[in-house]
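Residue-level structure breakdown
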Amino acid sequence: MDTLVGTFLAQNGGTQLQQQKPHAQPLQESELHPASFVGQGVIEDAAFGEALVASNLLAVAVENQLAILELRSEEIGGGDGNKAGSGKTAHRLKQRTRIFNNREYSLDDRQRIVCDTTITHVAWSPQGVSLCATGEDLRLRRFDHITNRSQSQENQAGWVETFCVQAHSQSINACDFSKDGTLVATCSDDGTVKVFDALTGRIVKTYDLFHPLISVQWSKGDDEPMQLVVADTRGKIRVYKFNDAKDAPLYSLSVNGALVDISVHPRSSSLLACVTEDKWHTFDMSQSSLPLVYGELNSVGSRIRWSKTDPSVFCVGLGSSAQVIRLSEDDVHDVIATETGQTTAICMHTSLPICFAVMGSAIVMVQY
């Protein structure tokens, strides 16, 4: 199994804020794989764009910055391949590359957005030209990519902050754009889900669930109504139809143990994967409240994400590794790829069979 490993580490700088939660320790250069990008800093979160315009762009939350990295590839012995954009930037990374399937892959540090707080979570809009981000200051921010065109100057592209609003009273644990890009949802240790107008930052709805919440995600199915999937620390998962007058959940699930993450299937909102500290589970919520398949973990679970290219594949982040798992029709599952390291975040490429696992200061890319 080929594994592409790239390490992105941020330049130090900006205001140093007290960390509210434990983080993975930065890897030392001597611990890194041969393909790496060397610097300093601990990564909080990372997300790949879903729209074509941003499909190779990786937004990385690291300390008080959002770094926009570009995944670039070139066929060995060929032309420029998939090297869109020169990406001039004041922050260049020392690059090394990795080769598999006769292509050379690299990550290029393209742009930086500097904030006045540590950024904790980041998500792309479906259109690929906007980002939402949450910070340790308990605020939600939106950034939009703009291009200034002038007859006397070259086109200059950059990011502007569209709004910055107070979101919660305690730590924010997730943010996500709705499938049409008009809404942003967040959840928090304060027990609430907030839904914001994605253009103005105005709160349009609040769900008060009275227990700390670890994740909120919108369903992304093309022909499905907008639904919110919410998970709390007690092991309960609820699915709400947005703007339903009753505000009662459509589905409600429970697992034994404290939930640490969930993932709604990118093609069907009824399919769900979740992870606790010692197990992963998959559900078909339209059929049963009991799990379809589950598996034991060999270390503490941290993150889980469905593949966007293979509906039977998901990646689980653990305290000791990242594992890519494939399900079969007879409910058998196999670990098809693994990478050692404490995993704190996971994102999946939209069109390539690659899982990106954040391990402290490293972004580890695993092909499956």
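The structure we're discussing is the one just above.
This write-up is about the structure you can find in this document. (Residues numbered from 1 in each chain as written. Predicted model: local features only at pLDDT ≥ 70, side-chain atom pairs only at ≥ 80, totals over all residues. Heavy atoms only, no water.)

Quick look at the overall build of the protein chain now. Within the protein chain, the regular secondary structure consists of zero helices and 29 strands. For the protein chain, restricting intrachain contacts to residue pairs at least 6 apart in sequence, the fraction spanning at least 24 positions comes to 50%. (Helix = DSSP H or I, 4+ residues; strand = E, 2+ residues; numbered from the N terminus. Contact = heavy atoms within 4.5 Å.)

Here the focus is the sheet that holds strand β21 (residues 279–284). If you trace the four strands from one edge of the open sheet to the other, you get β19-β20-β21-β22, paired in antiparallel fashion. Each edge of the open sheet is held by one strand with a lone partner, namely β19 (259–264) and β22 (293–296). Between one strand axis and the next, the sheet turns by 15° as a mean value, whatever way the strands run. (Pairing = 2+ DSSP bridges. Axes fitted to C-alpha atoms, helices over the stretch in contact; angles between N-to-C directions.)

It is worth spelling out the pairing of β21 at this point. Counting buried residues along β21, five of its six residues qualify, which places the element largely inside the surrounding structure. Note: strand β20 (residues 271–276) against β21, five bridges, orientation antiparallel. Following the sheet pairing, Ala 273 is matched in β21 by Thr 282. Connecting the antiparallel pair β20 and β21 is a turn made up of two residues. (Buried < 20%, exposed > 50% of the residue type's maximum accessible area, 1.4 Å probe, protein only.)

In space, the four strands of this open sheet follow the order β11-β12-β13-β14, with antiparallel pairing throughout. Both outer strands of the open sheet, β11 (172–177) and β14 (203–208), are each paired with one neighbouring strand and no more. In this sheet, adjacent strand axes meet at a mean angle of 15° when their direction is disregarded.

Turning next to the nonpolar core. As a rule of thumb, nonpolar side chains are buried together in soluble globular proteins. In this structure, Leu 58, Val 60, Leu 69, Leu 71, Phe 356, Ile 363 and Met 365 are the most contacted members of the largest nonpolar core, which totals 18 residues. Grouped together as the second largest cluster of nonpolar side chains are 16 residues, Leu 57, Leu 66, Val 122 and Leu 131 included. (Core = buried A, V, L, I, M, F, W, Y, C linked by side-chain atoms within 4.5 Å.)

The next thing to look at is the pattern of salt bridges. When their charged atoms lie close together, side chains carrying opposite charge are able to pair. Counted under the stated rule, the structure contains 15 salt bridges. The shortest N-O distance in the salt bridge between Asp 108 and Arg 72 comes to 3.7 Å. Within this pair, whereas Asp 108 is found in strand β6 (residues 103–114), its partner Arg 72 is found in strand β4 (residues 65–75), the two being separated by 36 residues in sequence. The exposure classification of Asp 108 matches that of Arg 72, with both residues buried. Residue Asp 247 pairs with Lys 205 through a salt bridge whose shortest N-O separation is 3.0 Å. Taken together, the residues span a long stretch of sequence, with Asp 247 in the loop between β17 (236–241) and β18 (251–254) and Lys 205 in strand β14 at a distance of 42 residues. Assessed through its relative accessible area of 34%, Asp 247 is described here as partly exposed. In this structure, a network of salt bridges that share partners links the residues Asp 116, Asp 137, Arg 141 and Glu 161. (Salt bridge = Lys/Arg side-chain N within 4 Å of Asp/Glu carboxyl O.)

All chains considered together, the criterion is met by six aromatic pairs. Summarising the aromatic geometry, the rings of Trp 124 and Trp 159 are spaced 6.0 Å apart at their centres and angled 65° between planes, so their arrangement reads as edge-to-face. Here Trp 124, found in strand β7 (residues 119–124), pairs with Trp 159, found in strand β10 (residues 156–166); they are 35 residues apart in sequence, far enough to count as distant. Both residues of the pair, Trp 124 and Trp 159, belong to the buried class. For the ring pair Trp 306 and Phe 314, a centre distance of 5.5 Å and an interplane angle of 75° mean the geometry is edge-to-face. Of the two residues, Trp 306 and Phe 314, both sit in the buried class. Aromatic rings pair up to connect Trp 280, Trp 306 and Phe 314 into one cluster. Seen from the ring of Tyr 207, Lys 205 lies directly overhead, with NZ or CZ sitting 5.3 Å from the centre. (Phe/Tyr/Trp six-rings, centres within 6.5 Å; stacked < 30°, edge-to-face > 60°. Lys NZ or Arg CZ within 6 Å of the ring centre and 35° of its normal.)

Remember, this is a structural readout, not a statement about activity or role.
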